[in-house]
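Residues per chain, in single letters:
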Amino acid sequence: MQIAKRMLPIAAATALVLTAGNGAVMAEEANACIGNSGPVTGPAAFGGKAIRMGAELAVEDINAAGGVLGQELEFIQYDDAGAPPRGVDNVRRIGLSDNCVAMIGGYHSTVALAQRDPIHEIGMPYVGTIAANTKVIENGRDPNFMFRVSAKDRWVTKFLVAEGLTRSENDRIGIMYENTGWGKGAYPDLQNALAEHGLKEVGAETFNWKDTDMTPQLIRLRDAGAEVLIMWGLDREGNQILRSLQKIDWSPVVIGAWGFAGNLGELAGDLANCALIMQTYSWMGELEPKAQELYVRMQDRFGIGSQEEIRMGSGVANAYDAVHIIASAIEIAGSFDRAKVYDALFEVQHEGLVTNYSPAFERTEERHDAILPEAYKLTAWYDGKLLPLGQTPCN
């Protein structure tokens, strides 16, 4: 069995041809490997670890069952540290130097957005596992090599707005979103989700990475009468939002996108209690037999001591399912030819950890996303743990 993480210089690829029509550089027959570009270092390194854990467990299962088309599958992970230029370089490493049949996407939407062009130049299927920006997938390309086994922001905004409105007596929603491509992409989706209920937000405020004081924005939202605060960002800044809420003695219902799932409770302590977070999967509490078996393997292989040490648990489950879906597509295609694997992705039926993918994808731009909104879950931070809502006193 081969499972590898590599840091290699970009080298010349072999067996390359120019595909007519879309100008993509494609290998006639790719190698039996799946690559990933994710944050192995930096503040979001837990996201890269989550992807690696899920992918490597899936590769172990696949190889134990005989591999794909008689070959052992290999997983290769490169570090992008959340930097889009590094993510672009990593696509070329995976697609040209390593000549992998496909890659799974990483943690940051800003990186995923930058990777769209090189993915299509190479003609390599990309299956995202965490980054949720709508335009990563819905990008206007045909053929569209971007797929995803994760949340989609447009669907997430509808989920968060619906959950927020059930907790708002007067339907008064305020929004805090990060000043990045991910945050700015989500804001119009949030507006549209509110409009479907005949509503507008009472106010919307932005913040930057590494901001440490959010009190001016929060005072404006408080004074505008917000009862629910929808947060769109990452846990580092989410921690500062919660601290700033304490400074101004304001306690709205706080509900956030998946980006607050990693370390928010660890960073903010009790201030994070009952912050509600959307997820696709939870490893907390009593697990189904398959998940329990995987959890024990995570403990042995990755030194996981307890369930709450699984940061970004959705990413683990999404990556596990994504690798299985790619392997199934290879088997259906009967080949490591990327174009054939691309077509086969639309034929995959797979009973996964997160949901029953039936089928995984369809030939519409919207359904290049595999996890449908009915599979989304609401979790809550409580005592430093991200738990299924029903396992907490939160509501």
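Just so you know, these numbers come straight off a predicted model, no measurement behind them.

Participant: Describe in detail the sheet that holds strand 7 (residues 146-148), supporting the description with residues and values.
Facilitator: Spatial ordering of the open sheet is given by 4-3-5-6-7, a layout of 5 strands whose pairing is parallel. Pairing within the sheet leaves two strands with one partner each, and these edge strands are strand 4 (74-79) and strand 7. Neighbouring strand axes in the sheet, compared pairwise and without regard to direction, differ in orientation by 25° on average. Bridge analysis of strand 5 (residues 100-104) against strand 6 (residues 126-128) gives 2 bridges, and the strand direction is parallel. In the sheet register, Ile104 faces strand 6, and the bridge partner there is Val127. Contacting strand 3 (31-38), strand 4 and strand 5, helix 1 (residues 45-64) runs over the sheet at an angle of about 170° to strand 4.

Participant: Pulling in residues and values, what's your account of the state of the cysteines?
Facilitator: Inspection of every chain in the model, using the stated rule, returns 2 disulfides. A sulfur-sulfur distance of 2.2 Å marks the disulfide that ties Cys33 to Cys100. Here Cys33 and Cys100 share a disulfide; its torsion about the S-S bond, -110°, makes the bridge left-handed. Here Cys33, found in strand 3, pairs with Cys100, found in strand 5; they are 67 residues apart in sequence, far enough to count as distant. Looking at Cys33, the relative accessible area reads 3%, which means it is buried. A relative accessible area of 0% places Cys100 in the buried class. The side chain of Cys274 participates in a disulfide bridge whose partner is Cys394; the two sulfur atoms lie 2.0 Å from each other. Measuring the twist about the S-S bond at about -85°, one finds the Cys274-Cys394 disulfide to be left-handed. Here the residue Cys274 occupies a position in the loop between helix 9 (264-268) and strand 12 (276-279), and Cys394 occupies one in the segment after strand 16 (385-388), the gap between them amounting to 120 residues. In this structure Cys394 comes out as buried when scored by relative accessible area, which is 9%. Cysteine pairing for the chain (bonded cysteines numbered in sequence order): 1-2, 3-4.

Participant: So what's going on with the packing of helix 1 against helix 10 (residues 289-302)? Residues and values would help.
Facilitator: Two elements in contact, helix 1 and helix 10, have axes whose closest approach is 11 Å; the angle formed by their N-to-C orientations is 110°. When the axes of helix 1 and helix 10 are compared, the pair comes out roughly perpendicular. Like other packed secondary-structure pairs, helix 1 and helix 10 cross with a definite hand, here right-handed. Together, Lys49, Arg52, Met53, Glu56, Leu57, Glu60 and Asp61 of helix 1 and Lys290, Leu294, Arg297, Met298, Arg301 and Phe302 of helix 10 make up the contact between the two elements. Across the contact of helix 1 with helix 10, the residue classes tally to 5 nonpolar, no polar and 8 charged.

Participant: Which residues make up the packing of aromatic side chains, and what values do they have?
Facilitator: For any two aromatic rings, the description comes down to two numbers: the centre-to-centre distance and the angle of the planes. Counted by the stated rule, this structure contains 12 aromatic pairs. Their ring planes at 50° and their centres at 5.6 Å tell us that Trp182 and Trp232 sit as a pair that is tilted. With Trp182 in helix 6 (residues 181-195) and Trp232 in strand 10 (residues 228-232), this pair connects stretches of sequence that are 50 residues apart. Overall, the relative accessible area of 3% leaves Trp182 in the buried class. Owing to a relative accessible area of 0%, Trp232 belongs among the buried residues under this scheme. When the ring centre of Trp155 is taken as reference, the NZ or CZ atom of Lys152 above it lies at 4.7 Å.

Participant: Can you lay out the pairing of strand 4 for me, pointing to particular residues and giving the numbers?
Facilitator: The buried fraction of strand 4 is high, at 6 of 6 residues. Of the two faces of strand 4, the one holding Glu74, Ile76 and Tyr78 and the one holding Phe75, Gln77 and Asp79 are both buried throughout. Of the strand pairs in this sheet, strand 3 and strand 4 are connected by 6 bridges, and their pairing is parallel. From the neighbouring strand, Gly35 faces strand 4, where its bridge partner is Ile76. One crossover worth recording links strand 3 to the parallel strand 4 by way of helix 1, and it is right-handed.

Participant: Account for helix 11 (residues 313-333), with residues named and values stated.
Facilitator: For the α-helix, the turn length of 3.6 residues means that residues three or four positions removed from each other point alike. Across its 21 residues, helix 11 extends 31 Å between first and last C-alpha, which sits within 8% of the 30 Å expected from 1.5 Å per residue. Among the 21 residues in helix 11, 17 count as buried, and that is most of the element. Count one or two residues on from helix 11 and you reach Gly334, which has phi positive near 65°.

Participant: Kindly report on the pattern of salt bridges, identifying the contributing residues and their values.
Facilitator: Using the criterion set out here, one finds 24 salt bridges in the structure. In this structure, Arg297 and Glu60 form a salt bridge, with 2.9 Å as the shortest nitrogen-oxygen distance. One end of the pair, Arg297, is in helix 10; the other, Glu60, is in helix 1, with 237 residues separating them in the sequence. Comparing Arg297 with Glu60, the two get one shared label, buried. For Glu121, the salt bridge goes to Arg92, with nearest N and O atoms at 3.8 Å. Placement of the pair is Glu121 in helix 3 (residues 109-122) and Arg92 in helix 2 (residues 84-97), with a sequence separation of 29 residues. In this structure, a network of salt bridges that share partners links the residues Arg52, Glu56, Glu60, Asp61, Lys290, Glu293, Arg297 and Arg301.

Participant: Can you tell me about the sheet that holds strand 16, naming the residues and giving the values?
Facilitator: Sheets are built from strands paired through backbone hydrogen bonds, the pairs being either parallel or antiparallel. On the basis of which strands lie adjacent, the open sheet formed by 7 strands has the order 9-8-10-11-12-15-16 and mixed pairing. Among the strands making up the open sheet, the edge pair consists of strand 9 (203-207) and strand 16. In this sheet, adjacent strand axes meet at a mean angle of 25° when their direction is disregarded. As paired strands, strand 12 and strand 15 (residues 377-382) are joined by 4 bridges and run antiparallel to one another. Paired with Gln279 across the bridge in strand 15 is Lys377. In the packing of helix 6 onto the sheet, contacts are made with strand 8 (173-178), strand 9 and strand 10, and the angle to strand 8 comes to roughly 160°.

Cut-offs and rules
- Residues numbered from 1 in each chain as written.
- Predicted model: local features only at pLDDT ≥ 70, side-chain atom pairs only at ≥ 80, totals over all residues.
- Heavy atoms only, no water.
- Pairing = 2+ DSSP bridges.
- Helix = DSSP H or I, 4+ residues; strand = E, 2+ residues; numbered from the N terminus.
- Axes fitted to C-alpha atoms, helices over the stretch in contact; angles between N-to-C directions.
- Contact = heavy atoms within 4.5 Å.
- Disulfide = S-S within 2.5 Å.
- Buried < 20%, exposed > 50% of the residue type's maximum accessible area, 1.4 Å probe, protein only.
- Parallel < 35°, antiparallel > 145°, perpendicular 65-115°, else oblique.
- Left-handed = near helix turned anticlockwise from the far one by under 90°.
- Nonpolar A, V, L, I, M, F, W, Y, C, P; charged D, E, K, R; others polar.
- Phe/Tyr/Trp six-rings, centres within 6.5 Å; stacked < 30°, edge-to-face > 60°.
- Lys NZ or Arg CZ within 6 Å of the ring centre and 35° of its normal.
- Right-handed = clockwise from strand over helix to strand, strands pointing away.
- Expected span 1.5 Å × (residues − 1).
- Salt bridge = Lys/Arg side-chain N within 4 Å of Asp/Glu carboxyl O.

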